[in-house]
Amino acid sequence: MTPTRAGTAPSLPPVAPEVCAAAVESLTTRLRGRLDAAVEALAGTPVDTPEDGTYGVRCGEDARVTLTPGPSGTITSPDQAHCTCLLAPRCLHRAAVLAAGPVADATSPTAPSTPPARPASAGGPASCVPPERCPSAGRIRAAGDLWTAAATVLAAGVHAAGAVPQAELLRAAHTARLAGLHRAESAALDVVRHVRDARDPDGSPGAHRPHAMHHPAESVAVLRELLLVTHRLKAAAADPELIGAVRHNHRPDGPLRLYGVCREPVVGPGGAGGVVTHLVDDDDRWYTLRDVGPGGVERARRAGTAHVALRSFLSDHERLSRGGLIVTGAVVAPDGRLLAERGVRATFAAGRPWTRAASGRTGHAAPLTGCDVEIVAVDGEEVLVRVLTQDVPGPTARLAPAHRHPALAHTANLRRLGARPGLRVRLLGRLDPHRVTTLRPLAVGPAPGAGAATLRLPEEWQDRADLGYDRLRDDHFPPEAACPPPPPPPPPGTGARPVDPPLRRLRDLVELAVVGGRRAAAEPARDSDRDGHAAALRRGGFTTGADLFAALGAVAARRPRDAFGRPSGDDRDHYAAQWLAAAVYLDGTEAALGRGLWHG
């Protein structure tokens, strides 16, 4: 028998949505009320993994749950989960263990194919189904069930959406799968995972919570996707993109030629740490190679030079990020992750100039934002810059550390960059989800065409520095005379310093609604918007945003009552539709503002 593993959460096998949903639905009302506490109690329970491939969890003196996954390693049938208690199989122990296991992916096993085409609508998997005039009645019903389950989660808030509403969503996801609504099913499973991450941020990301890198903006994104798709489907919208297709791990037809771009330290909840190396192919599609596990920031620091975990490949993340890779038999997940499955072979190859590698905009993994900037001044732990458009200084923006932990180099490197006004550099990073005028850079290099007023990095760095790992030194910078300082930044209040639009006020409300539920979203209406959020949005020119802010608070605060003052019905659908309108507007407007600032 393999030694018992104990941790913050049991290392359980993935569970098919319909199996978990059926186990929860089989419980009595009384047992359903105790289910969340039973799931939480499993957090410190060890999992026995005998050599016969089963998983055993002790749930009390007379109760032991045994899981026997199939060849795929997933619990796909109710008879693969057994409990020794007298109430089995309709018992609390069995349901709790199944609800504690990770949700099985909707992807099929590896399938030979060319990379799926990019979806026309953000957030959905590629569509390879023939167009239809409108969804069938069965698909409309399935979409309606998913909408109802998602609206229940939204009204409760992810922190309060326990195992029962999660099971309802999993059941509706299975119904959507049977109806062929692949995009909606995938979105529903993403919502369940993010709800679990939000409720258990300290869960083990390596086992019990493989997706545990939670941020409220991510929960907003997955709920927006699910509600938007199901809203349009139940309205019989004739758009094949709404149907989607089963997401496959795919094998490209030939060798995959990749070029390293940069390394990114990863520090997540539950003590997770590691590195993600970003790569692009000849068509500027983005890929990632991840090495994340328990160990926190210290593991993230060490992982930057650790060996690459891709079968027998002998290299490290630092060398790979500045070089390249040729992968034969490659297996690529739908989100662009390179998977170390059987038959994969990789060899090291030369890289390509970073200025070209940083220009990718499309692909499987989410592309990073690249731009050229001129350093203006240090502003606390942040740096003021002017975005360069065709070598002409443009609007003022901010750079902020991607991670502030002193064991990582982000803050120290930004401080060095900020001390050189007039320096021109090329950056690659992520936009701050709360501040459209702020970029969190991951890598830096010389700005093309900047002459002497740019970085002088060592030849072995291949004209790029990973800001989380490499340390910039004095000899990496040009002489101060080569960087004529730009005009000093204007004082606060003059309107020329980077000021994020008041859209963040709407974002705060949209995220608060997702995290805290309908009661939290009603607060602005209850206090008559004492802080003046709607007025600030109108002054900033976001009239529609102000109207949506006020409407969301008002709908959240409204409670229908009958003639005797008793609660009457539930307008949960109306609330979900109002939240969706605000979330869609926010997403589109912030994207447009970001493109205008960082890409000219």
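Structure shown above.
Just so you know, these numbers come straight off a predicted model, no measurement behind them.

A. Spatial organisation of the overall build of the chain. Each helix and strand counted, the chain has 18 helices and 19 strands in total. Counting across all 600 residues of the chain, residues that qualify as buried make up 52%. Here the analysis covers contacts within the chain between residues at least 6 apart in sequence; of these, 69% occur between residues at least 24 apart. In the structure as shown, the chain presents an accessible area of about 25,600 Å², 53% of it carried by carbon and sulfur atoms.

B. Main features of the packing of aromatic side chains. Taken as a whole, this structure holds 0 aromatic pairs when the rule is applied. Its end group placed over the ring of F348, R319 keeps NZ or CZ at 3.6 Å from the ring centre. Between the NZ or CZ atom of R352 and the centre of the ring of Y259, over which it lies, the distance is 4.6 Å.

C. Looking closely at the environment of C59. Mapped onto the elements, C59 comes out in strand β3 (residues 55–60). Relative accessible area serves as the criterion here: at 23%, C59 is assigned to the partly exposed category. C-alpha of C59 to C-alpha of A41: the two residues are 18 residues apart in sequence and 9.0 Å apart in space. Every residue in contact with C59, bar those within four places of it in the chain, is listed here: L42, V65, H93 and V97.

D. Broad picture of the pattern of salt bridges. Using the criterion set out here, one finds 38 salt bridges in the structure. Close ionic contact of E381 with R404 constitutes a salt bridge, the shortest N to O distance being 2.3 Å. Of this pair, E381 sits in the loop between β14 (369–379) and β15 (382–389) while R404 sits in the loop between β16 (392–399) and α12 (410–418), and the two are 23 residues apart along the sequence. Overall, R404 belongs to the partly exposed group, its relative accessible area being 41%. Among the salt bridges present, the one from D474 reaches R416, with a minimum N-O distance of 2.6 Å. One end of the pair, D474, is in the loop between β19 (465–466) and α13 (503–516); the other, R416, is in helix α12, with 58 residues separating them in the sequence. A residue is classified by how much of its surface remains accessible, and R416, at 34% relative accessible area, is partly exposed. Connected via shared salt-bridge partners are D379, E382, R398, D432, R435 and R440.

E. Looking closely at the nonpolar core. Membership of the largest hydrophobic core comes to 95 residues, with the highest contact counts inside it found for L35, L169, L506 and W579. Ranked by residue count, the leading element in this core is helix α5 (residues 137–156), at 9 residues. If we skip the residues at most four places from it in the chain, L506 touches L537, G545, F549, A582, Y585 and L586. By size, the runner-up hydrophobic cluster in this structure holds 26 residues, among which are V373, V385, A397 and C483.

F. Expanded view of unusual backbone geometry. With an omega dihedral of 5 degrees, the bond running from A88 to P89 counts as a cis peptide bond. Of note, the phi angle at D463 is positive, near 60 degrees, even though the residue is not glycine. Here D463 shows up in the loop between β18 (435–446) and β19. The residue S528 is not glycine, and still its phi comes out positive at about 55 degrees. Looking at the element boundaries, S528 is found in the loop between α15 (523–526) and α16 (533–539). For S528, a relative accessible area of 63% puts it in the exposed group.

G. Local environment of the packing of helix α8 (residues 216–234) against helix α18 (residues 572–598). In contact at an axis separation of 10 Å, α8 and α18 are set at 115 degrees when each is read in the N-to-C sense. The crossing of α8 and α18 is left-handed. Of the residues in α18, those touching α8 at V220, L223, R224, L227, L228 and H231 are W579, L580, A583, V584 and D587. When the residues that make up the contact of α8 with α18 are grouped by side-chain class, the tally is 8 nonpolar, 1 polar and 2 charged.

H. View of the pairing of β15. β15 sits mainly inside the fold: 7 of its 8 residues count as buried. Bridging between β14 and β15 involves 6 bridges; their strand directions are antiparallel. Looking across to β15, one finds that I375 is bridged to V385. The turn joining β14 and β15, which pair antiparallel and follow one another in sequence, is formed by 2 residues; a positive phi near 70 degrees is taken by G380.

I. Broad picture of the packing of helix α17 (residues 543–557) against α18. Contact geometry of α17 with α18 gives a least axis separation of 9 Å together with a crossing angle of 155 degrees. With respect to their mutual orientation, α17 and α18 come out roughly antiparallel. When the axes of α17 and α18 are compared, the crossing they make is left-handed. Residue-level inspection shows T544, G545, L548, A551, L552, V555 and A556 of α17 in contact with α18, the latter providing H574, Y575, Q578, W579, A581, A582 and Y585. Partitioned by chemical class, the residues of the contact of α17 with α18 number 10 nonpolar, 4 polar and no charged.

The rules behind these values
- By convention here, each chain's residues receive numbers from 1 onward along its written sequence.
- Local features are withheld for residues below a pLDDT of 70 in this predicted model, meaning they are given only at 70 or higher, and side-chain atom pairs are given and counted only at 80 or more; totals for whole chains, interfaces and linings count all residues.
- Side-chain figures throughout are based on the complete set of non-hydrogen atoms in the structure, without hydrogens or water.
- The way it works is that DSSP assigns letters per residue, a run of H or I at least four long becomes a helix, a run of E at least two long becomes a strand, and they are numbered from the N terminus.
- Between buried and exposed lies partly exposed: a residue is buried under 20% and exposed over 50% of the maximum accessible area for its type, with that area taken using a 1.4 Å probe on protein chains only.
- Whether two residues are in contact is decided by their heavy atoms: any pair within 4.5 Å suffices.
- What sets the accessible areas is the Shrake-Rupley method with a 1.4 Å probe; for residues, cover comes only from the shown protein chains.
- Pairs were defined over the aromatic rings of Phe, Tyr and Trp, the Trp ring being its six-membered one, requiring ring centres within 6.5 Å. Orientation was assigned from the angle between planes: stacked under 30 degrees, edge-to-face over 60, tilted for the rest.
- We call a charge positioned over a ring when the NZ of a Lys or the CZ of an Arg lies within 6 Å of the ring centre and within 35 degrees of the ring normal.
- The term salt bridge refers to a side-chain nitrogen of Lys or Arg lying within 4 Å of a carboxyl oxygen of Asp or Glu.
- In these notes, a set of buried Ala, Val, Leu, Ile, Met, Phe, Trp, Tyr and Cys residues joined through side-chain atoms within 4.5 Å is what counts as a nonpolar core.
- Inter-axis angles, ranging from 0 to 180 degrees, are taken between N-to-C directions of lines fitted to C-alpha atoms, where helices are fitted over the stretch in contact.
- The sense of a crossing depends on the near helix, which, turned anticlockwise from the far helix by less than a right angle, makes the crossing left-handed and, turned clockwise, makes it right-handed.
- Just so you know the grouping, Ala, Val, Leu, Ile, Met, Phe, Trp, Tyr, Cys and Pro go in nonpolar, Asp, Glu, Lys and Arg go in charged, and all remaining residues, Gly too, go in polar.
- Pairing between strands is defined by DSSP: at least two bridges between the two strands are required.
- Any angle that falls under 35 degrees is termed roughly parallel, while one over 145 is termed roughly antiparallel, one within 65 to 115 roughly perpendicular, and all others oblique.

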